[in-house]
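Here are the chains, one letter per residue:
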Amino acid sequence: MENDNISVIKVRDVLMVTVPPDPDDTAMAFLQEKVLMSMEQFRAKGVVLDISAVETLDSYFARVLSETVQMVILMGGKTVIAGMRPSVAITTTQLGLSIGNAETALNVDRALDMISESLQWR
Amino acid sequence: MENDNISVIKVRDVLMVTVPPDPDDTAMAFLQEKVLMSMEQFRAKGVVLDISAVETLDSYFARVLSETVQMVILMGGKTVIAGMRPSVAITTTQLGLSIGNAETALNVDRALDMISESLQWR
Amino acid sequence: MDDRQGELSIGRESDVIVVRQTVRKITKLLGMGLTDTTRVVTAASELARNIFLYAESGVMRWNVIDTPSCQGIELVFVDQGPGIPDIGQAMQEGYTTSKGLGMGLPGSRRLVDEMEIVSAVGKGTTVTIKKWNRRS
Amino acid sequence: MDDRQGELSIGRESDVIVVRQTVRKITKLLGMGLTDTTRVVTAASELARNIFLYAESGVMRWNVIDTPSCQGIELVFVDQGPGIPDIGQAMQEGYTTSKGLGMGLPGSRRLVDEMEIVSAVGKGTTVTIKKWNRRS
Ligand SMILES: Nc1ncnc2c1ncn2[C@@H]1O[C@H](COP(=O)(O)OP(=O)(O)O)[C@@H](O)[C@H]1O
Ligand SMILES: Nc1ncnc2c1ncn2[C@@H]1O[C@H](COP(=O)(O)OP(=O)(O)O)[C@@H](O)[C@H]1O
């Protein structure tokens, strides 16, 4: 697929996924699939979705994000959404959106700490 | 019953049940019954439902799964659903289904770890 | 058997499994990806089960669509059952007249590229779905 | 291209991305702050997606407003789609006729300074939003 500019890196038991700045529907569908396939392939326990590059988070994108979190849960994993920009956080909240069951972290470092701490007890 | 190709194995306090790839309603009803009977017979504390072979999880199947989880709870047990394929996780989520109160794990190994850890504290 | 089109009768619960296997075979022929295959097979499973549950019997017709511009699969679920009085209502999440989850119709819509329901009370229901093969 | 006004056609999902980029370019030209830019770009994204989802195609017209008293951006989303039968209902949070979250219209209203919807069933819908440039 030409969309294969989505990088998935494994750090210990956790997948680190960088969400591109302006993904269209096809790119997001591809990202979902890649994350879940990598979960299986690398036997990952969790996923960090790095959205620090994302400048626009509309209601469609929010829905896809919370769907992805749900899918990872079904496969037995945990997701942390990391690095939301302040401007995006303000806009998303005023728009009235939430991203479901997702935990959030200031940045990827914190997210990794959070996720490995919570995974120690499993 | 001719449907008796559903294997239930006991590992310490836990039942391991392999769900067949394309179970029809009769097979699923039989599986439910067998799980609950075995709970009693083996005095099990938990159940791991291995669905790694399952290629199609429709709303009927999801309902039976969450019903089974509920029944095991009523008998004092705990269920972990293990090994959902990525393609099934994507489809199930987009279909709008959830599998109720079930905990999930990437594979049977993880499920066994999870369940025996949580049972230590009971 | 001509693999490019055909018809399957639905009258028993086990026919739902046959429907799934048939659709899976066709998508394989088309070289459709695993996730899209799972999507369309799951939608077919929902629609076939609806025929069995609400109309007792009916058929699924399949068509391989293969033109220079698009390639995909068309599935038509036809029954002469009671029909659906209010399609808008039936498409609502959670609406069911049985013990179901009420996710079959609205969920299937999300899993395929096109879906059309034609129904007349006392005459029957026809649900047509299409899934395109994403070439990439 | 005259950057102070123009028109963009919306007919595909990827046009939503083009809409965002265009609006971002205009707000940059105006020297609008990052948060306000994000607000108006997000609102534009919702409205453009609605055209694509509900009316299949349409246009976005943009206007830079620059008078001695106020400076800002006006975006007009026009389609000849099915129209909205009950605008009050469509503005309610959670109301959707698709698989959406039903937050697009009510949420966009909160993100901009002015919003107006004119719609006629069978004729189409026009949504106009304005965002003023806060000079500080
Ligand atoms: N082929 C059909 N014939 C008659 N009624 C149908 C048919 N398919 C669906 N329906 C009606 O639509 C309702 C919603 O269907 P669906 O969304 O699949 O959920 P569920 O099957 O769980 O009820 C059904 O409860 C039934 O009343
Ligand atoms: N351009 C449009 N043409 C026709 N109907 C529209 C249009 N925009 C919005 N609507 C209607 O208003 C409803 C609410 O829209 P919105 O608040 O954006 O949420 P969503 O798109 O998630 O449904 C839509 O579901 C649709 O029925």
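As a reminder, the structure under discussion sits directly above these lines.
This text gives an overview of the structure that appears in the document. (Residues numbered from 1 in each chain as written. Chains lettered and ligands numbered in written order. Predicted model: local features only at pLDDT ≥ 70, side-chain atom pairs only at ≥ 80, totals over all residues. Heavy atoms only, no water.)

So, on to helix H1 (residues 25-41) of chain B. Residues and elements named next belong to chain B. Under the 1.5 Å per step criterion, the end-to-end length of H1 is 24 Å for 17 residues, consistent within 8% with the ideal 24 Å. Within H1 the residues assigned to the buried category are Asp 25, Ala 27, Met 28, Phe 30, Leu 31, Gln 32, Val 35, Leu 36, Ser 38 and Met 39. Just beyond H1, the residue with positive phi is Arg 43, at close to 50 degrees. (Helix = DSSP H or I, 4+ residues; strand = E, 2+ residues; numbered from the N terminus. Expected span 1.5 Å × (residues − 1). Buried < 20%, exposed > 50% of the residue type's maximum accessible area, 1.4 Å probe, protein only.)

Residue and element names in this part refer to chain C. What the 5 strands build is an open sheet, ordered S1-S2-S3-S5-S4; its pairing is antiparallel. Among the strands making up the open sheet, the edge pair consists of strand S1 (5-10) and strand S4 (114-120). Between one strand axis and the next, the sheet turns through 15 degrees on average, direction left out of account. Pairing of strand S2 (residues 58-66) with strand S3 (residues 71-79), which is carried by 9 bridges, proceeds in the antiparallel orientation. (Pairing = 2+ DSSP bridges. Axes fitted to C-alpha atoms, helices over the stretch in contact; angles between N-to-C directions.)

With that settled, consider the site of ligand 2. All names here are of chain D. The full set close to ligand 2 counts 17 residues, and Asn 50, Tyr 54, Thr 96, Thr 97 and Gly 102 are the nearest of them. Thr 96 has a polar side-chain atom sitting 2.5 Å from an oxygen atom of ligand 2. Thr 97 is positioned such that a nitrogen or oxygen atom in its side chain is 2.6 Å from an oxygen atom of ligand 2. Burial of ligand 2 by the protein amounts to 93% of the accessible area it has alone, namely 530 Å². When residues of the shell around ligand 2 are traced back to their parent elements, those giving at least two are helix H2 (34-55) and helix H4 (104-111). Counted by class, the shell around ligand 2 contains 8 nonpolar, 8 polar and 1 charged residues. (Near = heavy atom within 4 Å. Polar contact = N/O pair within 3.5 Å; in protein donor to acceptor, adjacent residues only side chain to side chain. Areas by Shrake-Rupley, 256 points an atom, 1.4 Å probe, with all protein chains shown as cover. Nonpolar A, V, L, I, M, F, W, Y, C, P; charged D, E, K, R; others polar.)

At the interface, 20 residues of chain A touch 22 residues of chain D. The contact between chain A and chain D buries some 2,000 Å² in all, and 51% of this surface belongs to carbon and sulfur atoms. Contact with chain D buries surface across chain A, with Arg63(A), Gln94(A) and Leu95(A) losing the most and accounting together for 27% of the total. Inspection of the region where chain A meets chain D yields 4 salt bridges. The shortest N-O distance in the salt bridge between Arg20(D) and Asp58(A) comes to 3.5 Å. Taken together, the links from chain A to chain D amount to 9 residue pairs in polar contact (both at pLDDT 80 or more). Of all elements in the fold, only helix H1 (25-42), helix H2 (59-74) and helix H3 (86-95) of chain A reach the threshold of two or more residues within the side of chain A that touches chain D. Ranked by residue count, the leading element in the side of chain A that touches chain D is H3(A), at 6 residues. The residue inventory of the side of chain A that touches chain D, partitioned by class, reads 7 nonpolar, 7 polar and 6 charged. (Contact = heavy atoms within 4.5 Å. Buried area = accessible area lost by both parts, 1.4 Å probe. Salt bridge = Lys/Arg side-chain N within 4 Å of Asp/Glu carboxyl O.)

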